[in-house]
Amino acid sequence: MKFTQYFIFFFFILSFVSSHDTSIIFTTLGRSSYAFDIFALPTTHPQTEFQLTDGNSVNFNGHFPATLPPSLLSRLPDDDSVNSGFHLIYVTERNGTHHVFYDAVFHDILEFPSQTRLQVPLVGFEQSVSMKDKPSLSGEFLIYVSTHEDSGVPRTSWAAVYSTHLVSGFTQRLTPKGVADFSPAVSPSGVWTAVASYGGEKGWSGEVEELDTDIYIFMTRDGSGRVKVVEHGGWPSWADEYTLYFHRRCDDGWWSVFKVLLPKSGVDFLVSVSTPQRVTPSGLHVFTPASSPVNKNLIAVATRRAGSEYRHIELFDVVSKKFTEITRSFSSYAHHLNPFFSPDSSWVGYHKCRGTGDILLLENLLNPIPGISLFRIDGSFPSFSPNGDRIAYVRLPGLYVVNYDGSGLRQISSRTAFSTAWDPKRKGVIYTSFGPTFASESTQVDIISINVDDEDLSYKQLTIGGKNNAFPSPSPDGKWIVFRSGRSGHKNLYIMDALEGEVGGLRPLTEGPWTDTMCNWSPDDEWIAFASDRENPGSGSFEMYMIHPNGTGLKKVIQSGIGGRTNHPYFSPDGKYIVFTSDYAAVSAEPISNPHHYQPYGDIYVIKSDGSDIRRLTHNSYEDGTPAWGPTFIEPMDVEWPNGGQPCSFEDCHWLNVRTNASFGLDSAKIQCAQ
């Protein structure tokens, strides 16, 4: 389903009138604690760490342009300012969407007593798109990654490289249709751009560790002359017009940086290239290289050394094989990510969590559909009360209730709960499940009801036997609950009495050797939407289905794509649309460069209940999930945690454990990444 034609989009917006003045809420696990800003340290005798970005929202993946185009030079106060301070291009998530900004930061280099900032948004402030990868300037052109064009194929990445002329705004796509490009790097002359790419030959197979990318180069001016120069590599960086550094994970388990030399006869006539050379040793992880503009044998890298839980920025001389630490002595217990050099190589920049500032409980995001406010909540499995004035959510562990404006926050239970649903008729009654998450069919998990307005907060257990009973959703009249249970040995759907639970009445809704789960009852009482792997049981691939409450009319709403996931469907208040989470658009950035999240994919979508008119609402490199749709329009304003929250409380990639040949069972003599 493609939505590139304007008339289709226009009629889709008109058709959404009946669902206007409503709100959608979802979760991104851990996102509120990132608080990234861009910092810099001198490459020789580092003494003071300087924060370059302004502490507003999340700022990351910076770039120091070698030269400034006239369109930016004209904004500077005087000619002397060009050489006094930092000139920075970076990605920011402020105002609920993604932008690329230019900042000029003027200060006393030696004392840092004060600073003056010139800030210019370059692209993205009128769109809801993802620009996670490193942006670059080439003359008056900004080169960056965006996900605003549908790939047209489920579970293929929308990430593509674009060029925007800063004066005219003219934008052209440099990545061919049907191809996904990541991590663009412009050569020193500006003639060539290198990318990590699927190259049109491969799609996304669900990797959450290392994408199976190759490195291509093409003409920056129009994307022509495209050619593959490296198989198996990512995050390219130019040392000069003929030398590229990049990273890959080796067969010995360690991430390392490699170098490849391109023939000087002209890369547009390439038939073959030199074999890449591994330049960093095994025994530590080294990734996201940045080449020095003045010394092609010097690179800045992020490292994860054996015995350390944190990434740090180091310099590496590829000739002497010597590392020089940059960040560890300043902030040992913080992750430092994706380094980049200043034009004279006297400074190295990177982003990290700033460690201070207010954390958001509710973060407003720009919604491409007018009239529907979109919020990220710092919790999981949120749901709105029937009149939309309260939100229930869980924190794994703990069940909470808060007013829609962030006031009145209360912990209802300290137990591990997941999935929340409000009774549509009995004020203050919430349904949830107590027990472990991601559990087997026989695990002790039971559905309970609790009136959050009662002083004693006592709960009633509605299911018996604890065979993984979860995801309760009440019928519109409040008489019945549909839920998921593993009591047959498989996870299927059942309907029980809402007041008395299964002792008051129970019947199966679906039955089979598969998993039916994450169910939601439509407000018109006609349908129950749910996720299921029934096409390939046990595969982890889920599609979205609908079925009548009487067990008839089963139909598929959306095809996720081979191996894809479509989960957590939730009806709009009028029942005409469904919001859900899916990896329908695959990934938007290399996972290793975006290490602070459990899974680097998953976005929020809306679709008509007949399976037409899919619309993407979020464009993140995070895992957006568990959406819910509320009956009222919440003013699009951020809400801070009343206690300030806990910034920087995230870990590096959960899969980035230090690995050895022995743990892989490999013969070191056969390792393909040998130095």
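Below or above, wherever it landed, is the structure these notes cover. Being a predicted model, the structure only gives us computed values, none of them experimental.

**Let's talk about the overall build of the protein**
Phase 1: Along the backbone of the protein there are three helices and 49 strands.
Phase 2: Within the protein, buried positions represent 60% of all 675 residues.
Phase 3: Sequence separation of at least 24 residues holds for 54% of the intrachain contacts in the protein that already meet a minimum separation of 6.
Phase 4: When the accessible surface of the protein is summed, it comes to about 26,100 Å², and 50% of that surface belongs to carbon and sulfur atoms.

**A closer look at the sheet that holds strand β36 (residues 470-474)**
Phase 1: Taking strand neighbours across the sheet as the criterion, the four strands line up as β36-β37-β38-β39 in an open arrangement whose pairing is antiparallel. With one partner strand each, in any of the chains shown, β36 and β39 (501-508) form the two edges of the open sheet. On average, each strand axis in the sheet is inclined to that of its neighbour by 30 degrees, with strand direction left out of account.
Phase 2: Alignment of β36 against strand β37 (residues 480-485), held across three bridges, turns out to be antiparallel. Following the sheet pairing, Ser473 is matched in β37 by Val482.

**Digging into the pairing of strand β48 (residues 624-630)**
Phase 1: For β48, a buried count of seven out of seven residues is recorded, marking the element as mostly surrounded by other parts of the structure.
Phase 2: The sheet contact formed by strand β1 (residues 22-28) and β48 spans five bridges and is antiparallel. If you follow Ile25 over to β48, its bridge partner there is Ala628.

**Some points on a negative patch on the surface**
Phase 1: A surface patch of like charges, here negative, comprises Asp477, Asp524, Asp525 and Glu526.
Phase 2: Relative to the helices and strands, Asp477 resides in the loop between β36 and β37.
Phase 3: Given a relative accessible area of 36%, Asp477 falls into the partly exposed group.

**Considering the nonpolar core**
The tendency in soluble globular proteins is for nonpolar side chains to be buried side by side.
Phase 1: Residues Val401, Ile430, Phe471, Val482, Leu509, Cys519 and Ile528 are the most contacted members of the largest nonpolar core, which totals 30 residues.
Phase 2: Residues in contact with Phe471, not counting those within four places in the same chain, are Phe381, Phe418, Ser419, Ser433, Val482, Phe483, Arg484, Thr517, Met518, Cys519 and His568.
Phase 3: Of all hydrophobic cores here, the second largest spans 19 residues; its members include Ala159, Leu174, Val195 and Ala196.

**Remarks on the sheet that holds strand β10 (residues 160-165)**
Phase 1: Here we have four strands laid out as an open sheet, ordered β8-β9-β10-β11, and antiparallel in their pairing. Two strands lie at the open edges of the sheet, namely β8 (136-138) and β11 (171-173), each paired on one side alone. When the angles between neighbouring strand axes are averaged without regard to direction, this sheet yields 30 degrees.
Phase 2: With six bridges connecting them, strand β9 (residues 141-146) and β10 associate as antiparallel partners. Its bridge partner lying in β10, Ile143 is registered against Ser163.

**Re the layout of surface pockets**
Phase 1: Put simply, the largest pocket is a space of about 1,000 Å³.
Phase 2: Looking at the largest pocket, it is lined by 35 residues, and the ones nearest its centre are Phe438, Met518, Asn567, His568 and Glu623.
Phase 3: Residue assignment for the lining of the largest pocket shows that the elements contributing at least two residues are β28 (380-384), β40 (516-521), β44 (566-571), β45 (577-587), β46 (601-608) and β48.
Phase 4: Residues that form the lining of the largest pocket fall into these classes: eleven nonpolar, 17 polar and seven charged.

**Observations regarding the pattern of salt bridges**
Phase 1: Here the structure, examined in full by the defined rule, presents 32 salt bridges.
Phase 2: In this structure, the salt-bridge partner of Arg354 is Asp37, at a minimum N-O distance of 2.9 Å. Here Arg354, found in the loop between β25 (347-353) and β26 (360-365), pairs with Asp37, found in strand β2 (residues 36-42); they are 317 residues apart in sequence, far enough to count as distant.
Phase 3: Notably, a salt bridge pairs Arg565 with Asp583, separated by 3.7 Å at the nearest N-O pair. Taken together, the residues span a long stretch of sequence, with Arg565 in the loop between β43 (555-558) and β44 and Asp583 in strand β45 at a distance of 18 residues.
Phase 4: A network of salt bridges, in which partner residues are shared, links Arg31, Glu93, Glu363 and Arg376.

**Here's the deal with the packing of aromatic side chains**
Phase 1: Under the definition given, this model contains 23 aromatic pairs.
Phase 2: On the basis of an interplanar angle of 70 degrees and a centroid distance of 5.7 Å, the ring pair of Tyr584 and Tyr605 is categorised as edge-to-face. Remark: Tyr605 occurs in strand β46 and Tyr584 occurs in strand β45; sequence separation between them is 21 residues.
Phase 3: Counting every residue linked through ring pairs, the aromatic cluster contains Phe50, Phe64, Phe86, Phe340 and Trp347.
Phase 4: Sitting over the ring of Tyr494, Arg487 keeps its end group 5.4 Å from the ring centre.
Phase 5: Looking at Arg616, its charged tip hangs above the ring of Trp158, at a distance of 4.6 Å from the centre.

**Regarding empty space enclosed by the protein**
Phase 1: All told, the structure shown has four cavities of 30 Å³ or more when counted by the stated rule.
Phase 2: As a volume, the largest cavity reaches approximately 200 Å³.
Phase 3: Those elements giving two or more residues to the lining of the largest cavity turn out to be β28, β32 (417-422), β36, β40, β44 and β48.
Phase 4: When its residues are assigned to classes, the lining of the largest cavity shows ten nonpolar, six polar and no charged.

**Considering the environment of Pro386**
Phase 1: The residue Pro386 is located in the loop between β28 and β29 (390-394) in this model.
Phase 2: When near neighbours in sequence (up to four residues on either side) are disregarded, Pro386 contacts Trp422, Asp423, Pro424 and Pro631.

What counts and what doesn't
- Residues numbered from 1 in each chain as written.
- Predicted model: local features only at pLDDT ≥ 70, side-chain atom pairs only at ≥ 80, totals over all residues.
- Heavy atoms only, no water.
- Helix = DSSP H or I, 4+ residues; strand = E, 2+ residues; numbered from the N terminus.
- Buried < 20%, exposed > 50% of the residue type's maximum accessible area, 1.4 Å probe, protein only.
- Contact = heavy atoms within 4.5 Å.
- Areas by Shrake-Rupley, 256 points an atom, 1.4 Å probe, with all protein chains shown as cover.
- Pairing = 2+ DSSP bridges.
- Axes fitted to C-alpha atoms, helices over the stretch in contact; angles between N-to-C directions.
- Patch = residues over 30% accessible without salt bridge, like charges linked within 9 Å, V, L, I, M, F, W, Y side chains within 5 Å.
- Salt bridge = Lys/Arg side-chain N within 4 Å of Asp/Glu carboxyl O.
- Lys, Arg positive; Asp, Glu negative; His and termini not counted.
- Charge placed at Lys NZ, Arg CZ, Asp CG, Glu CD.
- Core = buried A, V, L, I, M, F, W, Y, C linked by side-chain atoms within 4.5 Å.
- 1 Å grid on protein atoms, 1.4 Å probe; cavity = no way out; pocket = protein on both sides within 12 Å on 5 of 7 lines; lining within 4 Å.
- Points joined across faces, edges and corners; volume = space filled by probe spheres on them.
- Nonpolar A, V, L, I, M, F, W, Y, C, P; charged D, E, K, R; others polar.
- Phe/Tyr/Trp six-rings, centres within 6.5 Å; stacked < 30°, edge-to-face > 60°.
- Lys NZ or Arg CZ within 6 Å of the ring centre and 35° of its normal.

Purely geometric stuff here, so don't read any function into it on its own.
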